[in-house]
Amino acid sequence: MKISVIGTGYVGAITAAGFAKLGHDVVCVDVDQRKVDLINSKTPPIFEEGLPELLAEVVPSKLSATLDIAKAVRESEVTFICVGTPSAKDGSIDLSYIRSASAGIGAALKGKTDFHVVIMKSTVVPGTSDTVAAVEIAKASGKTAGKDFGMAMVPEFLREGKAIEDFFEPDRIVVGTSDEKTRQVLEKLFSQFSCAKLYVDVKTAEMIKYASNSFLATKISFINELGNFCKTQGIDTYNVADGMGLDTRIGRKFLNSGCGFGGSCFPKDVSALQSLMKSKGFAPMLLDAVMEVNARQPAKMVAIAQKRTGSLSGKTVGLLGLAFKPGTDDIRDSPAIPIAEALQKTGAKIVAYDPEGMENFKRKFPASGGLEYAKTAQEAIDKSDVILLVTDWPQFNTLNYGSKNVIDGKNCLDYASRKKVKNYEGICW
Ligand code: NAD
């Protein structure tokens, strides 16, 4: 099929490259010339394992990038919307990118005569695809949803760091459609995937994404609350999680206590759902608690460092790990951000290191007298009085921490590595 993909960030780049690899003709669109040029030169605009190889294979024969949304949409049958949906200042969802992408699609559809399917892949609160995106498209095109164009919602479940694996072998595909013609196009589009497929209406598909992310965030805050308590009782929270995880009703995943969840999805998605529920007169008591527990965890890292070293003023703290998880350069809402801010308030000097996330972190925290970026993790350790492990990059296991104070916020060090560190303390263990 001929596919256009609007937005070439973490989701759009993978979606475009993945469908190109499956044999479709894909054009991706971005407003950022740098990303367009990078893709056309077979260079990923983001760090994701396997993406350089995939782009090398499909660009330019099956995939190209452009700034020209009109041409890309006109010359395709299906358009994916993959633009960002960040939090507005009040925590609600900011739909400005969705509106502008939809208006661009609508303007392109004006002169098009054949049926076109628009698939929302951005995470949007229930109702958005039909009452915002489809409305903007209809307004700009003069066409009617369900008759001239189809509006569908296929939530994205990829995990950064495992995104390519998740594209080709997803656990499930959820497809939200409201008319038969659109459903048939999506059945054809996803026919190469053998996983479970759930066909629902558009609003339900939108809600499934929020329900999934909010549930995973809840698991993390649950185990963090328990972990904080377990530590005071001399109980290893990871052993508790192992025991719980053996119960197939519970499962072991997302029961790793630590310095809190971050990233481009959980914080903003839980916040958007809270905000939506409140706007409809519901009190999201559980989600309020999930966010509150999460917000408290980063400060615990700094508190432990202070407890172990006395005042941090004038001391050097090694911040190891800036990305919100290993395998990505994404620092959005990473726990490293509130930790760095809290450290700066104590008067500590920071030496930061991350294998992939440093360039993004530098944009938020430029190097200064109080913050430097190390070339290697070992350099950060050697220059520091105390080390905070904030991302569980596997390579942090094999470093020489000597007798420095090491505060582990992500269970980075396995049991064998911990034994080699004289002054080790976990945030919840
Ligand atoms: P991103 O910020 O990395 O990428 C968005 C891209 O869209 C940017 O390159 C931006 O320049 C481009 N863009 C914005 N407006 C545009 C327009 N009008 N036309 C063309 N391009 C435009 O975002 P992301 O992480 O890829 O997330 C995209 C959506 O997918 C969000 O709703 C997010 O919640 C959801 N999602 C993300 C992930 C993830 O792991 N990153 C996982 C599941 C769902």
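Structure shown above.
A. Structural detail: the overall build of the chain. Summing up its helical and strand segments, the chain has 16 helices and 14 strands in all. Rg of the C-alpha trace for the chain: 23 Å, near the compact-globule value of 22 Å for 429 residues, within the 12% margin. Referenced to the eigenvectors of the C-alpha coordinate spread, the extents of the chain come out at roughly 70 × 45 × 40 Å. Within the chain, the fraction of its 429 residues that count as buried is 55%. Counting only contacts in the chain whose residues sit at least 6 apart along the sequence, the fraction spanning at least 24 positions is 69%. Total accessible area computed for the chain in this model is approximately 18,500 Å², and 55% of it derives from carbon and sulfur atoms. Computed over 53 positive and 50 negative side-chain charges, the separation of the two mean positions in the chain equals 2 Å.

B. Geometry of unusual backbone geometry. Following V59, the chain continues to P60 via a peptide bond in cis, the omega torsion being 5°. Here P60 shows up in the loop between α3 (51–58) and β3 (63–66). Despite not being glycine, F254 shows a phi value in the positive range, around 65°. When you line up the elements, F254 lands in the loop between α10 (237–245) and α11 (266–279).

C. Quick peek at the pattern of salt bridges. Per the stated rule, a full pass over the model turns up 26 salt bridges. Residues E425 and K231 are paired through a salt bridge, measuring 2.7 Å at the closest nitrogen-oxygen approach. Highlighted residues: E425 in strand β14 (residues 423–426) and K231 in helix α9 (residues 202–232), separated in sequence by 194 residues. When its relative accessible area of 9% is taken as the criterion, E425 is described as buried. On the basis of relative accessible area, K231 is assigned to the partly exposed category, the value being 25%. With a closest N to O distance of 2.7 Å, D242 and R252 form a salt bridge. Residue D242 is located in helix α10, and its partner R252 is located in the loop between α10 and α11; the two are separated by 10 residues in the primary sequence. Under the relative-accessibility criterion, R252 is labelled partly exposed at 25%.

D. Region of the structure containing the packing of helix α5 (residues 96–109) against helix α6 (residues 128–141). α6 packs onto α5 with a crossing angle of 35° between their chain directions and a minimal axis gap of 7 Å. As for the relative orientation of α5 and α6, their crossing is right-handed in sense. Of the residues in α6, those in contact with I98, R99, S102, A103, I105, G106, A107 and L109 of α5 are V132, A133, E136, I137, A140 and S141. Here the contact of α5 with α6 is built from residues that sort into nine nonpolar, three polar and two charged.

E. Seen up close, helix α2 (residues 33–40). Within α2, the full set of buried residues consists of K35, V36 and I39. Buried positions in α2, seen along its axis, are confined to an arc of 100° and lie on one side of it. Buried residues along α2 sit in contact with β2 (25–29) and β3. The opening residue of α2 is D32, an N-cap whose side-chain oxygen sits 3.0 Å from the backbone nitrogen of R34.

F. Highlighting the pairing of β2. Bridge analysis of strand β1 (residues 2–6) against β2 gives five bridges, and the strand direction is parallel. Opposite I6, over in β2, you have V29 as the bridge partner. Handedness of the β-α-β unit built from β1, helix α1 (residues 10–21) and β2 comes out right-handed.

G. Examining the side chain of T85 more closely. Examined against the element boundaries, T85 turns out to sit in the loop between β4 (78–81) and α5. Of note is the side chain of T85, whose polar atom sits 3.2 Å from the side chain of K268. When near neighbours in sequence (up to four residues on either side) are disregarded, T85 contacts I93, D94, I98, S122, T123, V124 and K268.

H. Seen up close, the site of the ligand. Surveying the vicinity of the ligand reveals 27 residues, the closest of which are D30, K35, T85, E160 and K268. In this structure, D30 approaches the ligand through a side-chain N or O atom, which is 2.6 Å from an oxygen atom. Relative to its unbound accessible surface of 830 Å², the ligand loses 90% to contact with the protein. Secondary structure elements with two or more residues in the shell around the ligand: α1 and α5. Broken down by element, the shell around the ligand gets its largest block of residues, three residues, from α5.

I. Structural detail: the sheet that holds strand β10 (residues 349–353). Ordered by their spatial adjacency, six strands build an open sheet running β11-β10-β9-β12-β13-β14, and the pairing between neighbours is parallel. The open sheet has two free edges, formed respectively by β11 (371–373) and β14, since each of these has just one partner strand. Across the sheet, the mean angle separating the axes of adjacent strands is 20° when strand polarity is ignored. Along the sheet face, helix α12 (residues 285–309) touches β12 (386–389), β13 (405–408) and β14 and points at about 160° away from the line of β13.

The rules behind each value
Residues numbered from 1 in each chain as written. Predicted model: local features only at pLDDT ≥ 70, side-chain atom pairs only at ≥ 80, totals over all residues. Heavy atoms only, no water. Helix = DSSP H or I, 4+ residues; strand = E, 2+ residues; numbered from the N terminus. Rg over C-alpha atoms; globule rule 2.2 N^0.38 Å. Buried < 20%, exposed > 50% of the residue type's maximum accessible area, 1.4 Å probe, protein only. Contact = heavy atoms within 4.5 Å. Areas by Shrake-Rupley, 256 points an atom, 1.4 Å probe, with all protein chains shown as cover. Lys, Arg positive; Asp, Glu negative; His and termini not counted. Charge placed at Lys NZ, Arg CZ, Asp CG, Glu CD. Salt bridge = Lys/Arg side-chain N within 4 Å of Asp/Glu carboxyl O. Axes fitted to C-alpha atoms, helices over the stretch in contact; angles between N-to-C directions. Left-handed = near helix turned anticlockwise from the far one by under 90°. Nonpolar A, V, L, I, M, F, W, Y, C, P; charged D, E, K, R; others polar. Arc of directions from axis to C-beta. Polar contact = N/O pair within 3.5 Å; in protein donor to acceptor, adjacent residues only side chain to side chain. Pairing = 2+ DSSP bridges. Right-handed = clockwise from strand over helix to strand, strands pointing away. Near = heavy atom within 4 Å.

That's the geometry; what it means functionally is another story.
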